[in-house]
Amino acid sequence: MPRKIALLTNPTSGKGKGGRFRDAALGRLTDAGIEVTSVQGGSADEALDLARTAVADGVDALVVCGGDGMVHLGVQATARTQVPLGIIPAGTGNDVARYFDLPRKDPVAAADRVIGGHRRVIDLARCGDRYFITVLAAGFDAIVNERANRMTWPKGQMRYNLATLAELRVFEPLPYVLDIDGTEHRLDAMLVAVGNGPSFGGGLRITEGAILDDGMLDVVIIKPMSKPGLIRTYPKLFKGTHRSHPQYEHHLARKVTIAAPGIVSYADGERFGPLPLTLECAAGALTVLA
């Protein structure tokens, strides 16, 4: 059991669940005899500075309370260190919590996982000095994210569903240049996604079959299809059954470069950066309290 932890919270996660779940988890952790320093930043940059300071000060674990965005932030602070990352899920999508079968509605039960102290070492995807744990979206899905982030209504998954329908009206396949472990591919596609894990966006299993500790990235290409075909295929993403579609293509890679015009990629649900980008598997880069 970790004896000293930093608990970093986004209180606005999950329509305010972040603050409520933090308070419940904090009580359980302190009752177990753990010394907890509870912190939150006024911005993402400030929160990351606080997380990195806590790790440098020698805590036994950094625990984040929030959604996948907070996990993404925690990953930047703990990757390639000896400090494990704990998670109190309090977001909307909570894909990382799904990976580890963490309780997503019971912060006390999630705190018990931290108290248990069981560790799992997993890979991350790396781009320069930045990391992600779930999936990098670099096509139609990234464009949907851009639109959804501009929308103020509705909240949650429905916002992404509406953004998807809106983009379908105008979207055309994109020209990509991919370098997958040294082999160049030039093609048109609806999207390219690079997964360290199997899902993003609240359970969309775009890179179904991705394994968190196999030392590989999963590159999924959805080749051009009709808009009605894309609409019919979209629900299959929630079960990972889209893999049987003839326009689906899957590669395993240790290193991949993606280029396409006008695309701003997203990873862990966060704006990651414009293409082109080069991604590598960082094997064994993160320890998770799972």
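Calculation rules
- Residues numbered from 1 in each chain as written.
- Predicted model: local features only at pLDDT ≥ 70, side-chain atom pairs only at ≥ 80, totals over all residues.
- Heavy atoms only, no water.
- Axes fitted to C-alpha atoms, helices over the stretch in contact; angles between N-to-C directions.
- Helix = DSSP H or I, 4+ residues; strand = E, 2+ residues; numbered from the N terminus.
- Left-handed = near helix turned anticlockwise from the far one by under 90°.
- Contact = heavy atoms within 4.5 Å.
- Nonpolar A, V, L, I, M, F, W, Y, C, P; charged D, E, K, R; others polar.
- Pairing = 2+ DSSP bridges.
- Parallel < 35°, antiparallel > 145°, perpendicular 65-115°, else oblique.
- Phe/Tyr/Trp six-rings, centres within 6.5 Å; stacked < 30°, edge-to-face > 60°.
- Lys NZ or Arg CZ within 6 Å of the ring centre and 35° of its normal.
- Salt bridge = Lys/Arg side-chain N within 4 Å of Asp/Glu carboxyl O.
- Patch = residues over 30% accessible without salt bridge, like charges linked within 9 Å, V, L, I, M, F, W, Y side chains within 5 Å.
- Areas by Shrake-Rupley, 256 points an atom, 1.4 Å probe, with all protein chains shown as cover.
- Buried < 20%, exposed > 50% of the residue type's maximum accessible area, 1.4 Å probe, protein only.

With respect to the packing of helix α6 (residues 140-150) against helix α7 (residues 157-168)
Consideration 1: Relative to each other, α6 and α7 sit at 115 degrees, their axes nearing to 8 Å. Pair α6 / α7 crosses with right-handed handedness. Of the residues in α7, those touching α6 at Phe-140, Ile-143, Val-144, Asn-145, Arg-147, Ala-148 and Asn-149 are Arg-159, Tyr-160, Ala-163, Thr-164, Ala-166, Glu-167 and Leu-168.
Consideration 2: Across the contact of α6 with α7, the residue classes tally to eight nonpolar, three polar and three charged.

Considering the sheet that holds strand β7 (residues 135-137)
Consideration 1: One open sheet holds the six strands; their spatial order is β12-β11-β10-β7-β14-β15, and the pairing between them is antiparallel. The strands lining the two open edges of the sheet, one partner per strand, are β12 (248-253) and β15 (270-274). Strand-to-strand, the axes of this sheet are offset by a mean angle of 25 degrees, without reference to chain direction.
Consideration 2: The pairing of strand β11 (residues 217-222) with β12 spans six bridges and is antiparallel.

Some points on the packing of helix α2 (residues 44-56) against helix α3 (residues 68-78)
A pair of packed helices is characterised by two quantities: the angle between their axes and the separation of those axes.
Consideration 1: One can describe the packing of α2 onto α3 by two numbers: an axis separation of 9 Å at closest approach and a directional angle of 40 degrees. Viewed along their axes, α2 and α3 adopt a mutual orientation that is oblique. α2 and α3 meet at a crossing whose hand is right-handed. Touching Ala-44, Ala-47, Leu-48, Ala-51, Arg-52 and Val-55 of α2 are Leu-73, Gln-76, Ala-77 and Thr-78, all from α3.
Consideration 2: Looking at side-chain class alone, the contact of α2 with α3 contains seven nonpolar, two polar and one charged residues.

Quick look at the packing of aromatic side chains
Consideration 1: Applying the stated criterion across every chain yields a total of three aromatic pairs.
Consideration 2: An angle of 90 degrees between the planes, with centres 6.0 Å apart, marks the rings of Tyr-234 and Phe-238 as edge-to-face.
Consideration 3: For the cation-ring pair, Arg-130 lies above Phe-272, with the distance from its terminal atom to the ring centre recorded as 4.2 Å.

Concerning the pattern of salt bridges
Consideration 1: Throughout the structure, instances matching the rule amount to 10 salt bridges.
Consideration 2: As a salt-bridge pair, Arg-28 and Asp-112 come within 2.7 Å of each other at their nearest N and O atoms. Within this pair, whereas Arg-28 is found in helix α1 (residues 13-31), its partner Asp-112 is found in helix α5 (residues 107-116), the two being separated by 84 residues in sequence.
Consideration 3: Put simply, Glu-249 and Lys-223 hold a salt bridge, and the shortest N to O gap is 2.7 Å. Here Glu-249, found in strand β12, pairs with Lys-223, found in the loop between β11 and α8 (227-233); they are 26 residues apart in sequence, far enough to count as distant.

Comments concerning a nonpolar patch on the surface
Consideration 1: Judged by side-chain polarity, Trp-153, Met-158, Leu-162 and Leu-165 come together as a nonpolar surface patch covering roughly 440 Å² of accessible area.
Consideration 2: If you trace the backbone, Trp-153 turns up in the loop between α6 and α7.
Consideration 3: Given the relative accessible area of 65%, Trp-153 is considered exposed.

Functional significance is not addressed by these values, which are geometric in nature.
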